[in-house]
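Residue-level listing of the chains:
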Amino acid sequence: MSAPRRDPSRLRPYGDKWNDGVVQVSFTLPLPHSGLAIEAAKRYAGKMGIRDPYVTLAQPVAPEFTFFIVYGKAVHEVDATAISAEEAAAPDLGREEIDAEIAKRFGRRLVVLGCALESDAHTVGIDAIFNPKGFAGDYGLERYAGFDARNLGAQVPVERLVRLARDAKADAILVSATVTQNEIHVRHLTDLVDMLEAERLRDDLILVAGGARLDHALAKELGYDAGFGPGTTPGRVAAFLLEEMTRRRAGPGPS
Amino acid sequence: MPPKLGLSAERIENCRRLAGKVADGVRRETEPFTTVSTERAVLRLLGVDGVDEQDVPIPNRVVESLRATGKLARGAAVWLGSALAAGDSGPTEAARRLSDPSQAKGISEHPRWREALAPLVASTLGRIRGNAAERRRRLAAHPPDEEPLLYAIVATGNIYEDIIQAEAAARAGAQCIAVIRSTAQSLLDHVPHGATTSGFGGTFATQENFRLMRAALDRIEPEIGRSVRLVNYCSGLCMPEIAAMGAFERLDMMLNDALYGIIFRDINPFRTLIDQNFSRRINAAAGIVINTGEDNYLTTADAVEQAPAVLASQFINERLALDAGLERWQIGLGHAFEIDPELEDGLLLEIAQAEAAREIFTESPLKYMPPTKHMTGNVLRGYQQNALFVLTSVATGQSIHLLGMLTEALHTPLLSDRWLAIDQAKTIRTNARHLSEEIAFAPHGRIVRRAHEVLEGAEALLERIAGQGLFDALASGVFADTRRPRESGRGREGVVERHPEYSNPFREAWDREPAGAAS
């Protein structure tokens, strides 16, 4: 027996051995519970690239609906050596270091506005980044000496946010997007970019989006400077703001 | 259930006394005023409905027109009654005339306006009483519901899709179905009209949507052998109008909390406390169980630190509700299971809070809300947190249990998410059926000590609020670390000082004959 060959260019899920491809999926089919429904679930799993699908649960959840949990072995591979996943650049600095660097580099507090937009009533995300208590043991931006951090709360109209950003001479805007029904969060996020551009404010601001369904790549695509997904600590956002402000002040250059 | 925490009856009594002082202050300050939404609700209760060609509701048109002509301070009913007494055929025709300022201006007070309104008032009071009786009849036709009542939400944005999901949830065991509103609705100063199929994070509360869902739940009642309670949101800028719609369409429960709107939707405190009073009067008459929103304080601020604020707010909400004519069985005081699951003994603190609420508000149906703040996207951990939540709910005798979703914060609930939550709650409710009867707490233990601390903290906070008055206390950020000055926030412009001869025939009827008949 030799050690398994670990080839990241042919990556599959790991169940209990290298490249066995074991996955668990769950889904609901709009079929009454029956042998036919179970067979349909297996076929569906097969089309998802799952070999030997093993239906461990076929649960009627309504007269016309059955919920399945399926285990099996996925045949697909990805080449992990050919992927790059961009993340917002953020130096590994603590709160005191960030405060000290802001004082040293800018000699003033950076004005940061945060909110959820329009119909989005969720404050959990923006609160986690702003509230002094912060998130996962990491203090929020309001605790930093280096930031004049203003949490505007939820359901802030785009127009009002743009006006407040202008009046406050904001250095950065952080938008939390939680509601994801019908991709509505994407529309509000792009509305903000459009209005900032129309008001010629976009280049004067660092624009950051965060939320359960966001990542850096999507945020960049929407015209933001950075995006942060779930689990992001306030410290990481703070470090990014420091880095990006510094980069901008240095002026355009090789990036 | 005998009390287990040894809470001081004198201290609880003192909290109630202080809450009474707070409520008296609110009443003194708000009594001389009415609001545009209160007057629109009066019009709806008098049979004014529908929208104009721009989809503006007729009640809004009439109230704007009365306001523009300086007539609103007397109360919309005076003018509707005058138009009828002067010969208009019914509320629709009268409203059409009143909605045109040039015509409204010419309508003067008719000496027989009260007589002209009397049949409409009597008919509406009869309809509301009839709906309350119908609810009692349906509930009595089946075995008593097991508690805690399992409360599931639907939120597709499309009322017809909501019905499919609601029926599935009801068949699976849900006892209450809440149709989450479109998130922007609380800030609309009008109520949308008709059946709606697109919303954001929820479905618009319209009278037609209420009717459609009510009919669907009634339809499956014989099949499942239970009457399913229908819940909606009587909060935001249109509290009294939504109460009127709910009373007409036989809803069973309403979220109904001004403090929620003040703190989380930045609605003007003055406006919404006036609105709340009339909406609660309607709910009282309709036999609706209200749910209050204290749970929300915990999602924004720290749940351990905010526990006394939750309890203090429950005392205040109880008093404001009683003053509006609601009986204790109708006052579903809210709280939540929001403590960080990584905190050592956090579960003990949850049990202390839930048990204390149960022992203090013995006759009220407590509304217990699930973990949301510490739901991380790890759905398996979330399912485990929800299990602890159900166990706490069962062990402390909570009444209305809002089912937590394992995918909380990820997306609106999938059909399967809801089924998993119902299955979990049913299993634990049965599996731990008589646990509460077997529990005695260590007399000087952590749970008892915590409950005493929270009650003492609530008393101190109530002292402060009673001293300042609720409006100044809100301005100083007493709840959820959020400051809400009296004159700030949305909807302030909708407050109108009453004329000395102001009239609201429904308030007057319920003042004469308290709504206790609804029980």
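Since this is a predicted model, take the numbers as computed values, not measurements.

Trainee: Got a minute to help me understand the overall build of chain A in this structure?
Mentor: For chain A, the count of helices and strands is seven helices and eight strands. Radius of gyration (C-alpha) of chain A: 23 Å, far over the 18 Å computed for a compact globule of 255 residues. Reported as C-alpha extents along the three principal axes, the dimensions of chain A are approximately 70 × 50 × 35 Å. Each of the 255 residues in chain A was classed as buried or not, and the buried ones make up 39%.

Trainee: Could you clarify how one ought to interpret the overall build of chain B in this entry?
Mentor: Across its full length, chain B holds 21 helices and eleven strands. Against the globule reference of 24 Å for 519 residues, chain B gives a C-alpha radius of gyration of 23 Å, in line with a compact fold. Principal-axis analysis of the C-alpha atoms places the extent of chain B at approximately 70 × 55 × 40 Å. Considering chain B as a whole, with its 519 residues, one finds that 58% of them fall into the buried category.

Trainee: Sorry if this is basic, but what is going on with the pairing of strand 7 (residues 206–210) of chain A here?
Mentor: Two faces, one strand: in a regular strand the side chains alternate between the faces of the sheet. Residue and element names in this part refer to chain A. Among the five residues of strand 7, five are classified as buried, and the element is accordingly described as predominantly covered. Burial along strand 7 is two-sided: Ile206, Val208 and Gly210 facing one way and Leu207 and Ala209 facing the other are all buried. Inspection of the sheet shows strand 6 (residues 172–176) paired to strand 7 by five bridges, in the parallel sense. Bridging from a neighbouring strand, leucine 174 pairs with valine 208 of strand 7. In this structure, strand 7 lies alongside strand 8 (residues 226–228), joined through three bridges in parallel fashion. By the bridge assignment for strand 8, glycine 210 is matched with phenylalanine 228. Handedness of the crossover joining strand 7 and strand 8 through helix 6 (residues 216–221): right-handed.

Trainee: Would you take a moment to explain the sheet that holds strand 3 (residues 65–74) of chain A for this structure?
Mentor: Hydrogen bonds between backbone atoms are what pair the strands of a sheet, whose relative direction is either parallel or antiparallel. With respect to topology, three strands assemble into an open sheet ordered 1-3-2 (chain A), the strand pairing being antiparallel. A strand with exactly one partner marks an edge of an open sheet, and here the two such strands are strand 1 (22–29) and strand 2 (50–62) of chain A. Here the average twist between neighbouring strands, direction ignored, is 20°. Where strand 1 of chain A lies against strand 3 of chain A, eight bridges are found, and the strand directions are antiparallel. Bridge assignment links leucine 29 of chain A to a residue of strand 3 of chain A, and that residue is threonine 66 of chain A. Running over the sheet, helix 17 (residues 415–431) of chain B touches strand 1, strand 2 and strand 3 of chain A and is turned about 65° from strand 2 of chain A.

Trainee: I tried to follow helix 10 (residues 239–248) of chain B on my own but got confused; where do I start?
Mentor: Think of an α-helix as 3.6 residues a turn; residues three or four steps apart then line up on the same face. Residues and elements named next belong to chain B. For helix 10, the tally of buried residues reaches ten of ten residues, placing the bulk of the element in the interior. Three or more residues of helix 10 are buried, namely Met239, Pro240, Glu241, Ile242, Ala243, Ala244, Met245, Gly246, Ala247 and Phe248. Residue arginine 250 follows helix 10 closely and has a positive phi angle near 55°.

Trainee: Looking at this model, I keep getting lost on the sheet that holds strand 5 (residues 253–255) of chain B. Mind explaining?
Mentor: Residues and elements named next belong to chain B. Taken together, nine strands build an open sheet; the order of strands is 7-6-5-4-3-2-10-9-8 and the sheet is parallel. Lying at the two open borders of the sheet, with one neighbouring strand each, are strand 7 (331–332) and strand 8 (334–336). Pairing analysis gives three bridges linking strand 2 (residues 149–154) to strand 10 (residues 400–402), with the strands arranged parallel. Looking at strand 10, one finds that leucine 150 is bridged to histidine 401.

Trainee: Could you clarify how one ought to interpret the packing of helix 10 of chain B against helix 12 (residues 269–286) of chain B in this entry?
Mentor: Axis angle and axis distance: for two packed helices, these are the angle between their axes and the distance between the axes, and together they describe the pair. Residues and elements named next belong to chain B. Interhelical geometry of helix 10 versus helix 12 gives an angle of 10° and a closest axis separation of 7 Å. Relative to helix 12, the element helix 10 is oriented roughly parallel. Between helix 10 and helix 12, the residues in contact are Met239, Pro240, Ala243, Ala244, Gly246 and Ala247 and Thr272, Asp275, Gln276, Phe278, Ser279, Ile282, Asn283, Ala285 and Ala286, respectively. Looking at the contact of helix 10 with helix 12 residue by residue, the classes come out as nine nonpolar, five polar and one charged.

Trainee: What is the right way to look at the nonpolar core in this model?
Mentor: All names here are of chain B. One finds Leu80 and Ile177 to be the most contacted residues of the largest nonpolar core, which totals 171 residues. Broken down by element, this core gets its largest block of residues, ten residues, from helix 14 (residues 303–323). With near-sequence residues (within four places) excluded, isoleucine 177 lies in contact with Ala152, Val154, Ala166, Ala169, Ala170, Leu217, Val228, Leu230 and Val231.

Trainee: Looking at this structure, I do not really get the confidence of the model for chain B. What am I missing?
Mentor: Low pLDDT marks stretches whose predicted atomic positions should not be read closely. On average, residues of chain B score 95 in pLDDT, and 99% of them reach the 70 mark or higher. Confidence estimates for the predicted assembly give a pTM of 0.87 and an ipTM of 0.87.

Trainee: Looking at this structure, how should I read the environment of alanine 68 of chain B?
Mentor: Tracing the sequence through the fold places alanine 68 of chain B in helix 3 (residues 58–68). In the structure, alanine 68 of chain B is positioned 442 residues away from tryptophan 510 of chain B in sequence and 29 Å away in space, judged by C-alpha atoms.

Trainee: Please clarify how the environment of serine 123 of chain B should be interpreted in this entry.
Mentor: As for its placement among the helices and strands, serine 123 of chain B is situated in helix 7 (residues 113–140). As a C-alpha pair, serine 123 of chain B and arginine 17 of chain B span 106 residues in sequence and 38 Å in three-dimensional space.

Trainee: Would you explain the domain arrangement of chain B in this entry?
Mentor: By a frequent convention, interface size equals the accessible area lost on bringing the separate parts together. Residues and elements named next belong to chain B. Entries for chain B in the domain assignment read domain 1 (33–122) and domain 2 (145–448). Between the C-alpha centres of domain 1 and domain 2 there is a distance of 35 Å. Taken residue by residue, the interface counts 15 residues in domain 1 and 14 residues in domain 2. Mapped onto the side of domain 1 that touches domain 2, the elements with two or more residues apiece are strand 1 (33–35) and helix 2 (36–45). Of the residues forming the side of domain 1 that touches domain 2, the biggest block, six residues, is contributed by helix 2. Class assignment for the residues of the side of domain 1 that touches domain 2 results in six nonpolar, six polar and three charged.

Parameters at a glance
Residues numbered from 1 in each chain as written. Chains lettered and ligands numbered in written order. Predicted model: local features only at pLDDT ≥ 70, side-chain atom pairs only at ≥ 80, totals over all residues. Helix = DSSP H or I, 4+ residues; strand = E, 2+ residues; numbered from the N terminus. Rg over C-alpha atoms; globule rule 2.2 N^0.38 Å. Buried ≥ 20, exposed ≤ 12 C-beta atoms within 10 Å, placed from the backbone. Pairing = 2+ DSSP bridges. Right-handed = clockwise from strand over helix to strand, strands pointing away. Axes fitted to C-alpha atoms, helices over the stretch in contact; angles between N-to-C directions. Contact = placed C-beta atoms within 7 Å. Parallel < 35°, antiparallel > 145°, perpendicular 65-115°, else oblique. Nonpolar A, V, L, I, M, F, W, Y, C, P; charged D, E, K, R; others polar. Core = buried A, V, L, I, M, F, W, Y, C linked by C-beta atoms within 7 Å. pLDDT = per-residue confidence, 0-100. Domains from an automatic or database assignment.

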